[in-house]
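Topology and contacts: notes
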Amino acid sequence: MLRPERFCTADFLAILLTLALVALCPVAAQARAANPAQPSVLSPDEPPAGSPFSAALARAQAGDAQAQNAVGAMFASGQGVAKSPAEAVRWWTLAAGKGLVDAQFNLGLAYDQGHGVAQNATQAADWYEKAASGGNVAAMYNLAGLYSTGHGVAMNHEKATRLFEQAAEKGHSKAAYNAGLAYSRGHGVAQDDAKAARLMLKAAQANHPRAQYALAQIYAQGIGVPKDAAKSAHWLERAAKSGHARAQYSYALHCQQGQGTPQNPSAAIRWYKEAAAKNHTGAMCNLALILLEGKQTAKDTAEAERLLTRAAELGDPKAQYNLGLVLLNGQDLTQNTEQAYYWLSLAEHHGVPEATIPRRQAGKDLTKAQREAQNAKVLGFKPAPHDEK
């Protein structure tokens, strides 16, 4: 299932702080409301005359909105002056009131995150709205996130999708991905698979790993585009190289089977290892089976057992089944009928019907007390905590 891009605002602050420090030219826009009192400078740490901060401050005090935004950015980052988020907010308020779009976004972000001012999602949405109307792409994206979650505004998926689309048109890859998801699901808009594919392509071309993975699925299934195994493999490889664990697993499978790309066992092993290192249980399981077989690479039963055990402990039913089988057979790993019964029981409990017969076989060699002990462990099983990296 495609996952929506997690709404996040923190990454924009650094960008806007940089943008705020460009040449400080006067603007003609007038204040929309009475200006708040001019912020005072913190006297204990006054920077030397002639410093970039002093130059910006002089212009800001003269009413230059660009300079006011820049001074706010300096206070927010501690660049050339003691860091003071509250002072940053006061300068941004001055510049935002004069209609400076970058300051409106910075002020919205401050309210959104509670930096220098009490957190207030409604105020954040109001300033994002102003900045978005002025063409600020980051504000469009953040405001869309608020509408999609109902945070500070009434939830409105249609507005969220339209804002994501607007930001996507201006080159915002995360917005293109989220808009693509919305059209693929009909979330707030009429479902449109062809449009979803175009938006995913836009994001994928901008090196968005989740979009690349989603686009690979789109081409594999022919959703809104003609089926194309080669294009699917291409985008899987791109996403794999970006570190996307599921793409690494899927591309390894394509390389192993020669699906959409020439068969390449060594590449398959490489990508299985990459995905396994990120806790992808399917990759662990497939790599373990390759290591047990010993045809495509040197046989390594110890590593195979480690991988199968790790995947089984993480709750993968197929890994539990495979681990139970090899422990029962005792061909590649040391036979352990009691552990085989446990893992096969877990696999059956988690919906693997093939585990039933070998589980019964293992149970015949155990005492009633042993079976009851393992059955109790099955009922108390909890997957090991992990995050797919």
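Below is a summary of the structure that appears in this document. Bear in mind that the values here come from a model prediction, so they are computed numbers and not experimental data. (Residues numbered from 1 in each chain as written. Predicted model: local features only at pLDDT ≥ 70, side-chain atom pairs only at ≥ 80, totals over all residues. Heavy atoms only, no water.)

1. What about the packing of helix α4 (residues 85-97) against helix α5 (residues 101-113)?
Two elements in contact, α4 and α5, have axes whose closest approach is 8 Å; the angle formed by their N-to-C orientations is 140 degrees. It follows that α4 is oblique to α5 by the angle criterion. Considering only the axes of α4 and α5, their crossing is left-handed. Packed against α4, whose contacting residues are V89, W92, T93, A95 and A96, the element α5 presents A103, Q104, N106, L107 and A110 at the interface. Residues belonging to the contact of α4 with α5 are distributed by class as follows: seven nonpolar, three polar and no charged. (Axes fitted to C-alpha atoms, helices over the stretch in contact; angles between N-to-C directions. Helix = DSSP H or I, 4+ residues; strand = E, 2+ residues; numbered from the N terminus. Parallel < 35°, antiparallel > 145°, perpendicular 65-115°, else oblique. Left-handed = near helix turned anticlockwise from the far one by under 90°. Contact = heavy atoms within 4.5 Å. Nonpolar A, V, L, I, M, F, W, Y, C, P; charged D, E, K, R; others polar.)

2. Examining helix α14 (residues 265-277)
Given a rise of 1.5 Å per residue, 13 residues ought to cover 18 Å, and the 18 Å separating the end C-alpha atoms of α14 matches this to within 8%. Along α14, the residues classified as buried are A267, A268, I269, W271, Y272, A275 and A276. Where the residues of α14 are buried, they touch α12 (229-241), α13 (245-257), α15 (281-293) and α16 (301-313). At the exit of α14 stands N279, carrying a positive phi of roughly 70 degrees. (Expected span 1.5 Å × (residues − 1). Buried < 20%, exposed > 50% of the residue type's maximum accessible area, 1.4 Å probe, protein only.)

3. Considerations on unusual backbone geometry
Positive phi, normally seen in glycine, also occurs at N207, with a value near 70 degrees. Relative to the helices and strands, N207 is located in the loop between α10 (193-205) and α11 (209-221). Using a relative accessible area of 48% as the deciding quantity, one classes N207 as partly exposed.

4. Section: the packing of α5 against helix α7 (residues 137-149)
Where α5 meets α7, the axes come as close as 10 Å, and the angle between the chain directions of the two elements is 30 degrees. The hand of the α5/α7 crossing is left-handed. Between α5 and α7, the residues in contact are F105, L109 and D112 and A138, A139, N142 and L146, respectively. Classifying every residue of the contact of α5 with α7 by side-chain character gives five nonpolar, one polar and one charged.

On their own, these measurements won't tell you what the molecule is for.
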